[in-house]
Amino acid sequence: MLLLLQYTLIFASVLLLVALGGCFSEHSGVINIGLEGIMVMGALGGALMMKFLPEGSPAFQVVLLTVLASILLGTIYSLLLAVAAINFRADQTLVGTAMNLLGTAAATVFVKAMNTSADPDNVSSTIQYLEGRKAFLVNIGGFEFNWCMLLAVIALVIAYVVLYKTRFGLRLCACGEHPQAADSVGINVYRMRYAGVLISGVLGGLGGIVYIIAGVSEWKFENGVAGFGFLALAVMIFGQWKPTRIALAALLFGFFRALGNVYSGFDLLSSLNLPSSVYNMLPYIISLVVLAFTSQKSRAPKAEGIPYDKGQR
Amino acid sequence: MQSLLASLLCILLGLLIGYIVLLLINPAGAWEAICTIVENFLYYPSGAARLRYFGNTLVKTAPLLMCSLSVLFAYKVGLFNIGAAGQYVIGAGASLYCALGMGLPWYVCLLAAIAAGAVLGAISGILKAYRNVNEVISCIMLNWISLYLVNALLTKVKETASPYTYTLESTNPDAILPSLGLGALFSNNKYVTIAIPLTIVVSICVWVLLTKTKLGYELRATGCNKYAAQYCGMKEKRNIILTMAIAGGLAGMGAATLFLSGFEQWQTTQSAVPAMGFNGIAAAFLGGLNPIGSIFSSYFIQHITNGGAYVDKTMYSAQISDLISALIIYLCGFVLFFKVSLNGWLDQREEKRRSGKKQAESEKGGKA
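Residues numbered from 1 in each chain as written. Chains lettered and ligands numbered in written order. Predicted model: local features only at pLDDT ≥ 70, side-chain atom pairs only at ≥ 80, totals over all residues. Heavy atoms only, no water.

Colleague: So what exactly am I meant to see when it comes to empty space enclosed by the protein here?
Modeller: It is the rolling of a water-molecule-sized probe over the atoms that shows where space remains empty. All names here are of chain A. All chains considered together, the criterion is met by one cavity of 30 Å³ or more. There is about 30 Å³ of room inside the largest cavity. Surrounding the largest cavity, Gln6, Ile10, Leu137, Glu144, Asn146, Met149 and Ala214 form its lining. Of all the elements in the fold, those that place two or more residues in the lining of the largest cavity are helix H1 (2–27) and strand S3 (143–146). Taken together, the residues of the lining of the largest cavity break down into four nonpolar, two polar and one charged. (1 Å grid on protein atoms, 1.4 Å probe; cavity = no way out; pocket = protein on both sides within 12 Å on 5 of 7 lines; lining within 4 Å. Points joined across faces, edges and corners; volume = space filled by probe spheres on them. Helix = DSSP H or I, 4+ residues; strand = E, 2+ residues; numbered from the N terminus. Nonpolar A, V, L, I, M, F, W, Y, C, P; charged D, E, K, R; others polar.)

Below, the structure is given as structure tokens:
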């Protein structure tokens, strides 16, 4: 039971972080399908940092540097979307899809090259970070508390305050609802959209590293992040683009995802004898059903997905 | 013409960036590796081997072409069918289960794949038309659902010792697509079947359907402006569902063309949606969103993907060609920008030439 709670909380943290990232990007008016790729990049940055930090570094330092590395890489990678979508008015769905493929491919090529140069017989795309992962964990009576859970809560509070209580946040939302109107009162729409996409890079990168340290101590980068970025998008839509609702949605989805990991520990569930793929499918099926009932009154930012053109009326 | 130039520019830039990445990893073999990727089957010295591996590339081009047609068809109607990947997966599941589990002949398996893909596509279409669910999101969810579903289904017909499904040859040779002597043309490559000419016929049919028929006109009109189409008495809801069903059927058929040739077995422990459907997006955009252009762009993308398998494994990984095709998709986002600036440049030149002519004429007039 404790294990279920632990997994629920950690997966919910991942979904919350990434979905908040998507929320910022969409409120600025840019659809970010590329969250999956951003997560992979963030995971790569963090994993590399954990691998190369000298053994015996203080835990606080490991956590800080790892988080910073993943944020940095995620942000840089999100620039790809920002440049294409904002300056070159590219199709945002297309660019996001390309970023997902590119993220996994680039990470795999890089990690394989690194592994092979260290040891010619090693052609795997796996990075191990057993020591680094321990720095994130605090054992409280059998419950493995992960510092990232705290990070996710902090991110939620900050996101709520920034979006609703600051000038910046309100301007950001204006750019996603009616960029022409925002521009007419002197808001730089391009700069706001850059801010939105880069924030999604920060949170997406962070989500990536949290995801790979959630349950395991090595990661095979050929697998990417197994659709978690997409699940986060569903969480964002289910949360109607509002941080507090997103948090609740993340908990719900995190619970179903965690169930897939630990169902064999429950007598009732294992006696049902369902194949494991049923549990893997569950979060997606539920999100589809939920979306079917909630999308009618969708509160999506009005101008999302439409490139802003100053010259257009 | 501009589309062709823009696509070529994407390819060149993609290869260039790929080359730079190779240089960064290991400068010693970079040029050789990029040449290997571009050469693909020409890597083999003998003519017979070249023909055979050319055949292999074609075998995998067929499903890619179908996926790109699926994406293209939906895009023309204003829908982004990112679900081609899932429709491809469910097509593979349906065709293989019909072939291995039920022992049906190839044409039934092919139809089953088309039907399964169409149903999956129609689900997205219905959700879009009646429940206002964004087709991109529902397609992504369905991609994963169908992957796990097919893995579970095909576990029933897999070999006991490995995660792969039975081979068609040993279980049900009737389910293999007929070759009609085509294989003999490629130094007896038995995987070359009627699938390849069939997909080309399909792409021509898609072109005709989209540009020459009333239905195609209605579908495109719905894509341009749903409300205008509705006002003109077109059934916009039906059109959206029909489009997604057709797109899904195309992708499902793509899977059948590959898996019913016996070229590959399904691995029931796959944890990622196969890239074929996503590469279809690349092929569709690279082909300038034209069904005939798709034939060439699909071949090109498969060509470099296969070429990636031959790079020197001690230095680079085969994923380098995935990297290049991902870069090409990314650059396809800029195609519109390329086209606009190319047009602007051509217009400017035209204007200059005209004004130059005028000037020359007026000078002439002045002299006379």
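Colleague: I'm lost on the packing of helix H1 (residues 2–25) of chain B against helix H2 (residues 30–39) of chain B in this one. Help?
Modeller: Pairs of packed helices are described in terms of their axes, by the angle between the two and the distance that separates them. All names here are of chain B. One can describe the packing of H1 onto H2 by two numbers: an axis separation of 9 Å at closest approach and a directional angle of 140°. On the basis of their axis angle, the class for H1 and H2 is oblique. Between H1 and H2 the crossing geometry is right-handed. Residue-level inspection shows Leu15, Gly18, Tyr19, Leu22 and Leu23 of H1 in contact with H2, the latter providing Ala30, Trp31, Ala33, Ile34 and Val38. (Axes fitted to C-alpha atoms, helices over the stretch in contact; angles between N-to-C directions. Parallel < 35°, antiparallel > 145°, perpendicular 65-115°, else oblique. Left-handed = near helix turned anticlockwise from the far one by under 90°. Contact = heavy atoms within 4.5 Å.)

Colleague: It is not clear to me how the packing of helix H13 (residues 276–286) of chain B against helix H14 (residues 291–308) of chain B should be interpreted in this structure. Could you clarify?
Modeller: All names here are of chain B. Across the interface, H13 lies against H14 with an axial gap of 8 Å and an inter-helix angle of 130°. Of the possible angle classes, the one that applies to H13 and H14 is oblique. Our pair here, H13 against H14, has a crossing hand that is right-handed. Contact residues: Asn279, Ala282, Ala283, Ala284 and Leu286 in H13; Ser294, Ser297, Ser298, Phe300 and Ile301 in H14. When the residues that make up the contact of H13 with H14 are grouped by side-chain class, the tally is six nonpolar, four polar and no charged.

Colleague: What should I look at first to understand the pairing of S3 of chain A in this one?
Modeller: Consecutive side chains of a regular strand alternate in pointing toward one face of the sheet and then the other. All names here are of chain A. As paired elements, strand S2 (residues 137–140) and S3 share four bridges and run antiparallel to each other. Across the sheet, asparagine 139 pairs through a bridge with glutamate 144, a residue of S3. Counting the residues between successive antiparallel strands, the hairpin from S2 to S3 contains two residues, one of them, glycine 141, with a positive phi of roughly 55°. (Pairing = 2+ DSSP bridges.)

Colleague: Would you explain the interface of chain A and chain B in this entry?
Modeller: Many structure descriptions define interface size as the accessible area lost when the parts assemble. Residue-level contacts link 44 residues of chain A with 39 residues of chain B. Contact with chain B buries surface across chain A, with Leu94, Val109 and Leu288 of chain A losing the most and accounting together for 16% of the total. Put simply, chain A and chain B have zero salt bridges between them. Along the contact surface separating chain A from chain B lie five residue pairs in polar contact (both at pLDDT 80 or more). Listed by contribution, the elements that provide at least two residues to the side of chain A that touches chain B are helix H3 (59–87), helix H4 (92–118), helix H10 (228–238) and helix H13 (276–294) of chain A. (Buried area = accessible area lost by both parts, 1.4 Å probe. Salt bridge = Lys/Arg side-chain N within 4 Å of Asp/Glu carboxyl O. Polar contact = N/O pair within 3.5 Å; in protein donor to acceptor, adjacent residues only side chain to side chain.)

Colleague: Quick question: what am I supposed to make of the side chain of glutamine 319 of chain B here?
Modeller: Tracing the backbone shows glutamine 319 of chain B in the loop between H14 and helix H15 (320–332). Residue contacts for glutamine 319 of chain B: discarding those within four places in its chain leaves Ala105, Thr108, Val109, Lys112 and Glu222 of chain A.

Colleague: Is there a simple way to explain the environment of glycine 183 of chain B in this structure?
Modeller: Residues and elements named next belong to chain B. By the element assignment, glycine 183 lies in helix H8 (residues 182–185). Distance from glycine 183 to threonine 193, taken between C-alpha atoms, is 6.5 Å for residues ten residues apart in sequence. Beyond its immediate sequence surroundings of up to four residues, glycine 183 is in contact with Asn188, Asn189 and Val192.

Colleague: When you look at the packing of aromatic side chains in this model, what are you seeing that I'm missing?
Modeller: Aromatic rings considered in pairs are described by the distance between their centres and by the relative angle of their planes. Enumeration over the complete set of coordinates arrives at 23 aromatic pairs over all chains. A centroid spacing of 5.6 Å and a plane angle of 80° characterise the contact between tyrosine 19 of chain B and tryptophan 31 of chain B, whose relative ring orientation is edge-to-face. Here tyrosine 19 of chain B is found in helix H1, whereas its partner tryptophan 31 of chain B is found in helix H2, with twelve residues between them in sequence. In this structure tryptophan 31 of chain B comes out as exposed when scored by relative accessible area, which is 57%. We note lysine 51 of chain A situated over the ring of phenylalanine 52 of chain A; from NZ or CZ to the ring centre the distance is 5.8 Å. Over the aromatic face of phenylalanine 11 of chain A sits the side chain of arginine 257 of chain A, whose NZ or CZ is 4.7 Å from the ring centroid. (Phe/Tyr/Trp six-rings, centres within 6.5 Å; stacked < 30°, edge-to-face > 60°. Buried < 20%, exposed > 50% of the residue type's maximum accessible area, 1.4 Å probe, protein only. Lys NZ or Arg CZ within 6 Å of the ring centre and 35° of its normal.)

Colleague: For this particular structure, what's the right way to read H1 of chain A?
Modeller: Side chains three or four residues apart in an α-helix point the same way, a direct result of the helix having 3.6 residues per turn. Residues and elements named next belong to chain A. Taking 1.5 Å per residue as the helical rise, H1 with its 26 residues ought to reach 38 Å, and the 36 Å between its terminal C-alpha atoms agrees with that figure. Buried residues dominate H1, accounting for 22 of its 26 residues. Remark: glycine 29 follows H1 within two positions and exhibits a positive phi of approximately 105°. (Expected span 1.5 Å × (residues − 1).)

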